[in-house]
Amino acid sequence: MEHIPLKLFSVDEAKPLEFAVIVPVLNERDNVGPLLQDISIALAGIEWEVVFVDDGSTDGTIELLESLALRDQRVRLVRRIGRRGLSSAVIEGFLATVAPIVSVIDGDRQHDERLLPEMFHAIAAKDFQMAIGTRYAGGGSVGQWDSARVRISKFATSLAGLVMKTPLSDPMSGFFAVRRETFIGLVPQLSKMGYKILLDVVASSKTPLRVVELPYEFRTRTAGESKLDNMVALEYVELLLDKIIGKYIPVKLLMFGTIGVMGAVIHLTLLSMLLNVSGVAFATSQALATFGAMIFNFTLNNEFTHRDRKLRGPKWVTGLVSFCLACGFGAVANVGLGSLLFAQSWSWWAAGLAGAAIGSVWNYVATSWLTWRKR
Ligand code: GDD
Ligand code: MN
């Protein structure tokens, strides 16, 4: 490659970039301005940049960030369109910076930005790979949470112990800094699901990381609203399962199978009601019960397993049709394999289970491709 004289860009005169702050944002218009001000005060003396990662804010956050970024080159913006997810947003922020040390902070001012320089120096000057803001050690606290939320958070934290290689007092924290090379090295192993990126990182590293924990008090939100909904618990369980057994079975297949087992119960219930209570003929009862169970399976998978590609309106109807078609072939595979094994003198239940397992895997693969195709 041809040698590019550095002088051309006069980079030798500038102090190199030392630190990046990633801020995931979704509708935080009234928070980003004050946050930026807080950050620039806290980081005086350090060469920094801030990377906002927006997932389609509709409240004017993007326009505001663009106008701030036009005037201050330390302010950068990554926009993702048609995407959601705190963890993946943070990962893409990391990929967009070349700063050697990178931090993550919420965009709603609930994290104490005054910890940022401490985090930076702990990694730059000492031998730490990671510095983590904690609410559960030293003088840290969760601020004004009610006791129910504290209990739920403590319980979730204790579950995290199942997958952590580095013991942490606050693995659910979304506030931390890390050497960029450490983080980038782990990206291929990350589950990238849900919103617990820190837990994902410490569970993905094969060896314990050298971390320092810095206490802070979690502040109360003063503007905008929280984005985390009921799905957060499900996403957390998915992340834990992916870390524990994801290497062997995809978590989505496990969910699909669990819903399938529930669907079988629905099927039998419907069949017995139609047959025994309403006195409908067996063939008709069986057909209706099968259809009922398919609607049940389709609806739950649409709601949970494939919620990131959820079908609505007319697409819901065509989705149901393609789901039923795909599962029809699954039933053929199921009966075919089951009969084959039974003929080879497998016991009836083992042959039946093997057939059902093959049918379920087929259904999962076929409907992922046909019904909930990635766009
Ligand atoms: N880009 C992007 N995409 N940003 C998002 C998304 C998303 O899908 N969902 C939330 N955000 C942004 C919000 O705008 C906010 O800046 C930040 O992520 C945190 O979201 P909140 O909705 O305020 O979450 P929280 O306060 O309940 O929980 C947060 O704080 C905890 C304590 O530190 C999260 O960051 C947790 O991960 C963290 O543990
Ligand atoms: Mn928040």
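Before any of the text, the structure's been laid out above.
Residues numbered from 1 in each chain as written. Chains lettered and ligands numbered in written order. Predicted model: local features only at pLDDT ≥ 70, side-chain atom pairs only at ≥ 80, totals over all residues. Heavy atoms only, no water.

1. Focus: the nonpolar core
In terms of nonpolar packing, the biggest core is built from 37 residues, with Phe-94, Met-130, Phe-176, Phe-183 and Leu-199 touching the most fellow members. Ranked by the residues each element gives to this core, the list is headed by helix α7 (residues 197-204), at six residues. Those residues in contact with Phe-176 that sit more than four places away from it in its chain are Phe-94, Val-102, Ser-103, Val-104, Met-119, Met-130, Ala-131, Ile-132, Ile-197 and Leu-198. Core analysis: the second largest hydrophobic core is formed by 32 residues, Val-21, Leu-43, Leu-116 and Ile-123 among them. (Core = buried A, V, L, I, M, F, W, Y, C linked by side-chain atoms within 4.5 Å. Buried < 20%, exposed > 50% of the residue type's maximum accessible area, 1.4 Å probe, protein only. Helix = DSSP H or I, 4+ residues; strand = E, 2+ residues; numbered from the N terminus. Contact = heavy atoms within 4.5 Å.)

2. Considering the side chain of Arg-221
Tracing the sequence through the fold places Arg-221 in the loop between β7 (211-215) and α8 (231-245). Its relative accessible area of 19% is what places Arg-221 among the buried residues. Side-chain polar atoms of Arg-221 contact the side chain of Asp-108, separated by 3.1 Å. Within polar-contact distance, the side chain of Arg-221 engages the backbone oxygen of Glu-225 at 3.2 Å. Ignoring sequence-local partners within four residues, the contact set of Arg-221 consists of Glu-28, Asn-31, Asp-108, Gln-110, Ser-226 and Lys-227. (Polar contact = N/O pair within 3.5 Å; in protein donor to acceptor, adjacent residues only side chain to side chain.)

3. Details of the layout of surface pockets
With a probe scaled to a water molecule rolled over the atoms, the places where space remains empty come into view. Of the voids in this model, the second largest pocket is the one considered here, and its volume is about 740 Å³. Listed by contribution, the elements that provide at least two residues to the lining of the second largest pocket are α9 (251-277), α10 (282-305), α11 (314-343) and α12 (348-370). The biggest single contributor to the lining of the second largest pocket is α9, with nine residues. The class makeup of the residues in the lining of the second largest pocket is 12 nonpolar, 14 polar and no charged. (1 Å grid on protein atoms, 1.4 Å probe; cavity = no way out; pocket = protein on both sides within 12 Å on 5 of 7 lines; lining within 4 Å. Points joined across faces, edges and corners; volume = space filled by probe spheres on them. Nonpolar A, V, L, I, M, F, W, Y, C, P; charged D, E, K, R; others polar.)

4. Here we look at the coordination of the manganese ion (ligand 2)
Binding of the manganese ion (ligand 2) to the protein goes through Asp-108 (OD) and Gln-110 (OE1), at separations of 2.0 Å. The exposure classification of Asp-108 matches that of Gln-110, with both residues buried. (Donors = N, O, S within 2.8 Å, 3.2 Å for Na, K, Ca; no water.)

5. Re the sheet that holds strand β3 (residues 75-79)
Strand order in the open sheet formed by seven strands is β3-β2-β1-β4-β6-β5-β7, and the pairing between neighbours is mixed. Taken across any chain shown, the strands that pair with only one partner, and hence form the sheet edges, are β3 and β7. Across the sheet, the axes of successive neighbouring strands diverge by a mean angle of 20°, strand direction being ignored. The pairing of strand β1 (residues 19-25) with strand β4 (residues 101-104) spans four bridges and is parallel. In the sheet register, Ile-22 faces β4, and the bridge partner there is Val-104. In the packing of helix α2 (residues 61-71) onto the sheet, contacts are made with β1, β2 (48-54) and β3, and the angle to β3 comes to roughly 145°. (Pairing = 2+ DSSP bridges. Axes fitted to C-alpha atoms, helices over the stretch in contact; angles between N-to-C directions.)

6. Things to note about the site of ligand 1
Around ligand 1, the surrounding shell holds 28 residues, and the nearest of these are Glu-28, Asp-55, His-111, Met-172 and Lys-227. Within the side chain of Asp-55, an N or O atom sits 2.7 Å from a nitrogen atom of ligand 1. Between ligand 1 and Asp-108 there is a distance of 2.7 Å, counted from an oxygen atom to a side-chain nitrogen or oxygen. Considered on its own, ligand 1 offers 730 Å² of accessible surface; in the complex 97% of this is hidden by protein. Counting only elements with at least two residues in the shell around ligand 1, the list comes to β1 and α3 (86-95). Of the residues in the shell around ligand 1, the class split is 11 nonpolar, seven polar and 10 charged. (Near = heavy atom within 4 Å. Areas by Shrake-Rupley, 256 points an atom, 1.4 Å probe, with all protein chains shown as cover.)

7. As for the pairing of β1
In terms of residue burial, β1 counts as a mostly covered element, since seven of its seven residues are buried. Here β1 shows no split at all, with Phe-19, Val-21, Val-23 and Val-25 on one side and Ala-20, Ile-22 and Pro-24 on the other all buried. In this sheet, β2 lies alongside β1 in parallel orientation, the contact comprising seven bridges. Its bridge partner lying in β2, Val-21 is registered against Val-50.

8. Focus on the side chain of Ser-322
Mapped onto the secondary structure, Ser-322 falls in helix α11. The exposure class of Ser-322 is buried, given its relative accessible area of 14%.

9. Details of the packing of aromatic side chains
Summed over the entire model, instances satisfying the criterion amount to eight aromatic pairs. Geometrically, the ring pair formed by Phe-94 and Phe-183 is stacked, given 3.6 Å between the ring centres and 10° between the ring planes. With Phe-94 in helix α3 and Phe-183 in helix α6 (residues 180-186), the pair connects residues that are 89 residues apart, well separated along the chain. Both residues of the pair, Phe-94 and Phe-183, count as buried. Among the aromatic residues, those joined into a cluster by ring pairs are Phe-298, Trp-316, Phe-323 and Trp-372. Its guanidinium or amino end placed over the ring of Phe-218, Arg-135 lies 5.3 Å from that ring's centre, counting from NZ or CZ. The side chain of Arg-373 reaches across the aromatic face of Trp-369, ending 4.8 Å from its centre. (Phe/Tyr/Trp six-rings, centres within 6.5 Å; stacked < 30°, edge-to-face > 60°. Lys NZ or Arg CZ within 6 Å of the ring centre and 35° of its normal.)

10. Some remarks on the environment of Ile-91
If you trace the backbone, Ile-91 turns up in helix α3. Other than its neighbours up to four places away in sequence, Ile-91 contacts Phe-183, Val-187, Leu-190, Lys-192 and Ile-197.

11. Thoughts on the packing of α9 against α12
Orientation of α9 relative to α12, taken along the N-to-C sense of each, is 120°, at an axis distance of 10 Å. By the criterion of interaxial angle, the relationship of α9 to α12 is oblique. Our pair here, α9 against α12, has a crossing hand that is right-handed. Within the contact between the two elements, α9 uses Lys-252, Leu-253 and Phe-256 and α12 uses Ser-360, Val-361, Asn-363, Tyr-364 and Thr-367. Partitioned by chemical class, the residues of the contact of α9 with α12 number four nonpolar, three polar and one charged. (Parallel < 35°, antiparallel > 145°, perpendicular 65-115°, else oblique. Left-handed = near helix turned anticlockwise from the far one by under 90°.)

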